[in-house]
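Chain and residue survey
Now for the letters of each chain:
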Amino acid sequence: QVQLVESGGGLVQPGGSLRLSCAASGSIFSINAMGWYRQAPGKQRELDARVFSGGTTYYTDSVKGRFTISRDNAKNTVDLQMNSLKPEDTAVYYCNALMSVVGIVGIRNYWGQGTQVTVSS
């Protein structure tokens, strides 16, 4: 059994900051990449940021310069520091990991349960 557990969502005023954290646990063989997606009401889930096992990062244009993704390979955790938050950042944020796990062939996508981020005055 593999789990991704997120924490850190909440309500914040425009211009404020939040830090999301995600921990992967279970029978993990290796993690290729970890990332954060968002899903706003009525919209598709979309990638915000990703970090690969070697440390390479990717950010979508809308969050570049405002969000920072970081990963602890030893602890199987990934954080997303979100600064200068805007109302349009309001969404459910999902942790994602591309992993291979013991007993299952190949690399698969795994998701956390999601955490709500609301940016409002």
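Everything quoted here is computed from the prediction, not taken from an experiment.

1. Brief notes about the overall build of the chain
- A count of helices and strands for the chain gives zero helices and eleven strands.
- Walking the chain from its N terminus toward its C terminus, one meets helices and strands in the order β-β-β-β-β-β-β-β-β-β-β.
- Relative to its length of 121 residues, the chain is compact, with a C-alpha radius of gyration of 14 Å against a globular reference of 14 Å.
- If one aligns the C-alpha atoms of the chain with their principal axes, the spans along those axes are about 50 × 25 × 20 Å.
- The buried share among the 121 residues of the chain stands at 40%.

2. A look at the packing of aromatic side chains
- With the rule as written, the count across this model stands at one aromatic pair.
- Consider the rings of Tyr37 and Trp111, whose centres lie 4.8 Å apart with planes at 70 degrees: the pair is edge-to-face. Here the residue Tyr37 occupies a position in strand β4 (residues 28-39), and Trp111 occupies one in strand β10 (residues 108-111), the gap between them amounting to 74 residues.
- Classification of Tyr37 by relative accessible area gives buried; the value is 13%.
- Here Arg45 stacks its cationic end above the ring of Tyr94, 3.6 Å away from the centre of that ring.
- Against the face of Trp111 rests Arg45, its NZ or CZ located 4.6 Å from the ring centre.

3. A look at the sheet that holds strand β8 (residues 77-82)
- Read from one edge to the other, the open sheet built from four strands follows the order β1-β3-β8-β7, with strand pairing classed as antiparallel. Looking at strand neighbours, the two that pair on one side only are β1 (2-7) and β7 (67-72), the edges of this open sheet. This sheet shows a mean twist of 15 degrees between the axes of neighbouring strands, independent of strand direction.
- Pairing between β1 and strand β3 (residues 18-26): six bridges, direction antiparallel. The residue bridging Ser7 from the neighbouring strand is Ser21, located in β3.

Cut-offs used in this document
- Residues numbered from 1 in each chain as written.
- Predicted model: local features only at pLDDT ≥ 70, side-chain atom pairs only at ≥ 80, totals over all residues.
- Heavy atoms only, no water.
- Helix = DSSP H or I, 4+ residues; strand = E, 2+ residues; numbered from the N terminus.
- Rg over C-alpha atoms; globule rule 2.2 N^0.38 Å.
- Buried < 20%, exposed > 50% of the residue type's maximum accessible area, 1.4 Å probe, protein only.
- Phe/Tyr/Trp six-rings, centres within 6.5 Å; stacked < 30°, edge-to-face > 60°.
- Lys NZ or Arg CZ within 6 Å of the ring centre and 35° of its normal.
- Pairing = 2+ DSSP bridges.
- Axes fitted to C-alpha atoms, helices over the stretch in contact; angles between N-to-C directions.

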